Structure formats: C-alpha cells, structure tokens
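Fold and geometry: a report
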Amino acid sequence: MLIVLATSLLFISGCGSNESDVGASSDAKPKVALIMKSLANEFFVTMASAAELHQEQRQDAYDLIVNGIKNESDLAQQVALVDQMIGVGVDAIVIAPADSKALVPALARARENGIHVVNIDNRLDREVLAEYELVIPFIGPDNRKGARDAANFALEQLPEGANVVILEGVTTAQNAIDRRMGFEDAVTGNNANLLTKQSAVWDQTRAAEVSAAILVRHPDVQLILAANDNMALGAASAVSFADLDHDVSIVGFDNISAVHPLLLDGRVLATVEQYGDQFAVNGIELALEMISGQAELVDRETPLVVVSRADIADQDAESNVQ
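Let me sum up the structure you'll find in this document. (Residues numbered from 1 in each chain as written. Predicted model: local features only at pLDDT ≥ 70, side-chain atom pairs only at ≥ 80, totals over all residues. Heavy atoms only, no water.)

**Points about helix α7 (residues 204-217)**
Between its first and last C-alpha, α7 extends 20 Å over 14 residues, near the 20 Å set by a 1.5 Å rise per residue. Inspection of α7 places Ala207, Val210, Ser211, Ile214 and Leu215 among the buried residues, and these make up the whole buried set. The arc enclosing the buried residues of α7, seen along the axis, measures out at 135°, which places them on a common side. Exposed residues on α7 whose side chains face more than 90 degrees from its buried face are Thr205 and Val216. Structurally, α7 contributes buried residues whose contacts are with β7 (163-168), β8 (193-199) and α8 (229-242). With a side-chain oxygen lying 3.2 Å from the backbone nitrogen of Thr205, the N-terminal cap of α7 falls on Asp203. (Helix = DSSP H or I, 4+ residues; strand = E, 2+ residues; numbered from the N terminus. Expected span 1.5 Å × (residues − 1). Buried < 20%, exposed > 50% of the residue type's maximum accessible area, 1.4 Å probe, protein only. Arc of directions from axis to C-beta. Contact = heavy atoms within 4.5 Å. Polar contact = N/O pair within 3.5 Å; in protein donor to acceptor, adjacent residues only side chain to side chain.)

Right, dumping it as structure tokens:
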C-alpha cells in the first residue's frame, strides 16, 4: 500500500499494519518512509512518482509513505516529518535533507529507535555525522563535477574574462555548496570574472528577484550560473525584463522538463541531468537491503551529464520518429 502526504503535519495510519504491531511479526511487510524537500519542485515530484511506481510493482514486498515539505528551506517541518515517522514506527527512512547539518540530530533519534536511514540527493555533513557517531550511506552524484562541467561548457562559448554571476541554493545544503564550488572552479579555470554570488534558496520567484537586482547593479553580466533549474527559470525571467543590449547565457542544474523550452530557444544554455528519478528508487532498494541485513553501508555515486539544446532537440526528434 502507498500513502502519499504532501507538506504533511498530518496523522499517518494504514500502510498495511497497526502502529502497535510494528515489528511484532516477522511476516509483516517493511514500511519505508520517503522524506523529500519541496513537492512544489518538479525534480522531487518526479522522484516521488518513480518511488510510487516502484512500490506499485512490488506491493507484496514493502509499504511506502511519501511526504515532503512545502518550501525547501522549511527545516523545522522536515525535522517534524522525521519525528512523525519515528512515531509511526517505520522500518526505514530515505531522506533528501533540506539542510546537511540540521537534520542529523533528528536522524540520530531515528537510528536510536532502530530505524534504518538512507541519505539521497543532498549529502549530510560528515563532521556532524561523526559527532553523532552515525554511519548513513549516501546515494547521489558528484555535484561539484556536474556544476564545473556545465559551467565549462558555457564559458567555452564566451570570450575570456566573461562576467559571471552565481545563484546559490540553500547555503547550508551540501549539494548547494558543492555546486557553488564547481561553478567557482570553472570561473577560475577559464579566467572569467565573478561579479557576485548570491543565494536564491532554490526558489524560482526569489531567483527572479535576486537576478533583477543583480542586473541593475551589474548590467554587464554575460553568464548566470544557477544551482538548480528553478533558479535558472527565475533568472531567465529577470533577463527577459531587463532590456539589456546583449545576451545573457544561463546554466541550470536538474534537467526538469520546464527548462526544456528555454534550452530550445536559447534562453538557457545548459543544465545537468542527474537522473533524480532514480534517487528515491535506489534509496528504497538500499533501505530494503539494510532491513534484511544484506547491505554494506557505503556511499554510492550516481551518474550525471551536461544537457544542451542539441540533446533536447535530439530527444524531440527521436520522440517524433517513434
């Protein structure tokens, strides 16, 4: 059985077992909770859909609870969701943490209650994990490399010394830190000029506001490097209203479908495909292995690739042929 909660602080029941029966029978199906960031973000909606399909195809193997927070910066609500899952008595939690440090104490409480934990998408802080003597496996890509590759792709098409702006995600999230560092690697390696770096907390509206202000102060911007596609969309909106006398290239990260039209018409130069739909599936499968005592608690790096207009055009051509 699948239970989906969007931005929940609701009581959870069902899943094929009573809370008091959790762990009472060896025949009971394991119960896995998937806790994500914002379900208003297409990236996490896709992730949730993949997890739901995985469970539907394996209904006899496990029960699944899917939930997430409204805003990616709402740390308190995500902590509350972890505590709620502890109360429900799930066997495992698969989590894409909104913050790399703030979620660790809550996950330590989960482990103290015998709940297995798998970290996906955004890596938990290693030093804080060590403080709590926790070993939690991480499934995800090398975000720094992905950001560096995408920025290199863009900068190779611009003159040396190009003026660059970086839009960061939540600055305490490890994937935001890694992507910012990857962008900075490319800026340095290409002798580009970093005008400013500012956080738009992964949010499209906030990115539009931040970008608009930056363009007023720095109208000579030639490239905006956004740490996710939502912020790339916001930046593109700001550029369209700025009435500049030159083009501004934009790079995103996530390869959500909403950015494809902008890739095709040139408003966005590139994004990064990190196959996020498989994060949750891989996390659930690892969690089930952990529940059965068959998993080694090691990190698992996942692939990523830079996606440009040519790639989207090729995909559209293939779809039309089929």
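**With respect to the environment of Ala176**
When you line up the elements, Ala176 lands in helix α6 (residues 174-189). On a C-alpha basis, the gap between Ala176 and Arg144 in space is 9.0 Å, while along the polypeptide they are 32 residues apart. Setting aside residues up to four positions removed in sequence, Ala176 forms contacts with Gly169, Val170 and Trp202.

**Quick look at the pattern of salt bridges**
Under the definition given, this model contains 13 salt bridges. Arg148 serves as the salt-bridge partner of Asp185, at 3.2 Å between the closest nitrogen and oxygen. Of the two residues, Asp185 sits in helix α6 while Arg148 sits in helix α5 (residues 143-155), which places them 37 residues apart along the sequence. For Asp185, a relative accessible area of 25% gives the class partly exposed. What makes Arg148 partly exposed here is its relative accessible area of 27%. (Salt bridge = Lys/Arg side-chain N within 4 Å of Asp/Glu carboxyl O.)

**Quick look at the packing of helix α1 (residues 42-56) against helix α10 (residues 277-291)**
At a minimum axis distance of 6 Å, the contact between α1 and α10 shows a crossing angle of 45°. With respect to α10, the element α1 is oriented oblique. The handedness of the crossing between α1 and α10 is right-handed. Contact residues: Phe43, Thr46, Met47, Ala50, Ala51 and His54 in α1; Asp277, Phe279, Ala280, Val281, Ile284 and Glu285 in α10. (Axes fitted to C-alpha atoms, helices over the stretch in contact; angles between N-to-C directions. Parallel < 35°, antiparallel > 145°, perpendicular 65-115°, else oblique. Left-handed = near helix turned anticlockwise from the far one by under 90°.)

Any functional reading would require information that these geometric values do not contain.
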